[in-house]
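For reference, the chains in residue letters:
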Amino acid sequence: MGTVVDAAKQDVNGSLAEKKPTVVFVLGGPGSGKGTQCANIVEHFGYTHLSAGDLLRAEINSGSENGTMIQNMIKEGKIVPSEVTIRLLQKAMQESGNDKFLIDGFPRNEENRAAFEEVTKIEPAFVLFFDCAKEEMERRLLSRNQGREDDNIETIRKRFKVFLESSLPVVEYYDSKGKVRKIDAARPIGEVFESVKAIFAPKNEKVKGYGHVLRLNECCSCT
Ligand SMILES: Nc1ncnc2c1ncn2[C@@H]1O[C@H](COP(=O)(O)OP(=O)(O)OP(=O)(O)O)[C@@H](O)[C@H]1O
Ligand SMILES: Nc1ccn([C@@H]2O[C@H](COP(=O)(O)O)[C@@H](O)[C@H]2O)c(=O)n1
Ligand SMILES: [Mg+2]
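Cut-offs applied
- Residues numbered from 1 in each chain as written.
- Chains lettered and ligands numbered in written order.
- Predicted model: local features only at pLDDT ≥ 70, side-chain atom pairs only at ≥ 80, totals over all residues.
- Heavy atoms only, no water.
- Salt bridge = Lys/Arg side-chain N within 4 Å of Asp/Glu carboxyl O.
- Buried < 20%, exposed > 50% of the residue type's maximum accessible area, 1.4 Å probe, protein only.
- Near = heavy atom within 4 Å.
- Polar contact = N/O pair within 3.5 Å; in protein donor to acceptor, adjacent residues only side chain to side chain.
- Areas by Shrake-Rupley, 256 points an atom, 1.4 Å probe, with all protein chains shown as cover.
- Helix = DSSP H or I, 4+ residues; strand = E, 2+ residues; numbered from the N terminus.
- Nonpolar A, V, L, I, M, F, W, Y, C, P; charged D, E, K, R; others polar.
- pLDDT = per-residue confidence, 0-100.
- Contact = heavy atoms within 4.5 Å.

Caption draft 1: Examining the pattern of salt bridges more closely. Tallied over the entire structure, the rule returns 21 salt bridges. Salt-bridge contacts for D184 lead to R187; the nearest nitrogen and oxygen are separated by 3.7 Å. For R187, a relative accessible area of 12% translates into the label buried. Shared partners join several salt bridges into a network, and the residues in it are R144, R148, D150, D151 and R159.

Structure (structure tokens):
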């Protein structure tokens, strides 16, 4: 008798092809609302939410040999080497038991993107991109009050710089492949989620707010 794993590997033709998980990359500037919206998506659409930043923070607290290096990079708003982050993401994916993932805050630069593709051979189904003006993101981060060491004005400015210089080019790369779903994230949380729902809901289901899904080159307010 076949195991559960064997069954999961069978494609529609019954052959033993490896079934790849569905991955949605969730990108946007610091404080654009990625984590907030991912929590809503998990509740409504059954994805597992993996925040690269949260996994790195957990690694610091685990007493790992990389802990001090990661802590220093986060304080400076710098991007941790891909091999560290990808190993944490792969482990979390394996342990989840799910086959669909929101990968939040990754890939953050070209090195992240290329290394993930090389190691996992997974292409994202699409990239959810939260577009928000810098002034609004700064306001949100300064009032987040979750005790994050990088939510201070000095580090926030460094994070914005890294976002513009290293992360936006990744969004542009995926846009050139027609994979970006851009959301106006400067609105209230509920309104933003109406637009998000329109992307995840089945195509023939009418969802209020669909008109807020934008092309990347329309009104990018985060630059
Ligand atoms: N649409 C919104 N309007 C107002 N406040 C919001 C909105 N979305 C999120 N927030 C608040 O802004 C703060 C940052 O949100 P969140 O943590 O979801 O952002 P993020 O994109 O995950 O940030 P980071 O990249 O720093 O992890 C939180 O305090 C959250 O409650
Ligand atoms: N791919 C990533 C993601 C995050 N980091 C580091 O973590 C910090 C916080 O990330 P958030 O998504 O929680 O804002 C970020 O500023 C980086 O220092 C990373 O290195 N690589
Ligand atoms: Mg977050």
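Caption draft 2: Structural context of the site of ligand 2. Every one of the 17 residues lining ligand 2 counts as a neighbour, but R57, K78, V80, G105 and R148 are closest to it. Residue N112 places a side-chain N or O atom 3.1 Å away from a nitrogen atom belonging to ligand 2. Contact between ligand 2 and R148: an oxygen atom at 3.0 Å from a side-chain N or O atom of the residue. Burial of ligand 2 by the protein amounts to 96% of the accessible area it has alone, namely 450 Å². Of all elements in the fold, only α3 (52-61) and α4 (67-75) reach the threshold of two or more residues within the shell around ligand 2. It is α3 that provides the largest number of residues to the shell around ligand 2, a total of four residues.

Caption draft 3: Just the site of ligand 1, in detail. As a structural note, the neighbourhood of ligand 1 is formed by 17 residues, with K34, T36, R144, R159 and R187 the closest of them. Contacts to ligand 1 include G33, whose backbone N or O atom sits 3.0 Å from an oxygen atom. Those elements that provide at least two residues to the shell around ligand 1 are α2 (34-45) and α7 (134-142). In terms of residue count, the dominant contributor to the shell around ligand 1 is α2 (three residues). Per-class residue counts for the shell around ligand 1 are five nonpolar, six polar and six charged.

Caption draft 4: Representation of the confidence of the model for the protein. Model confidence for the protein is summarised by a mean pLDDT of 89, while 82% of its residues fall at 70 or above. Throughout residues 1-14 the model reports pLDDT below 50, and contacts reaching past four residues in sequence, or to other chains, amount to eleven contacts. This model gives residues 206-212 a pLDDT under 50, and the stretch forms 13 contacts once residues within four places in sequence are excluded. For this predicted complex, the interface score ipTM comes out at 0.99, alongside a pTM of 0.89.

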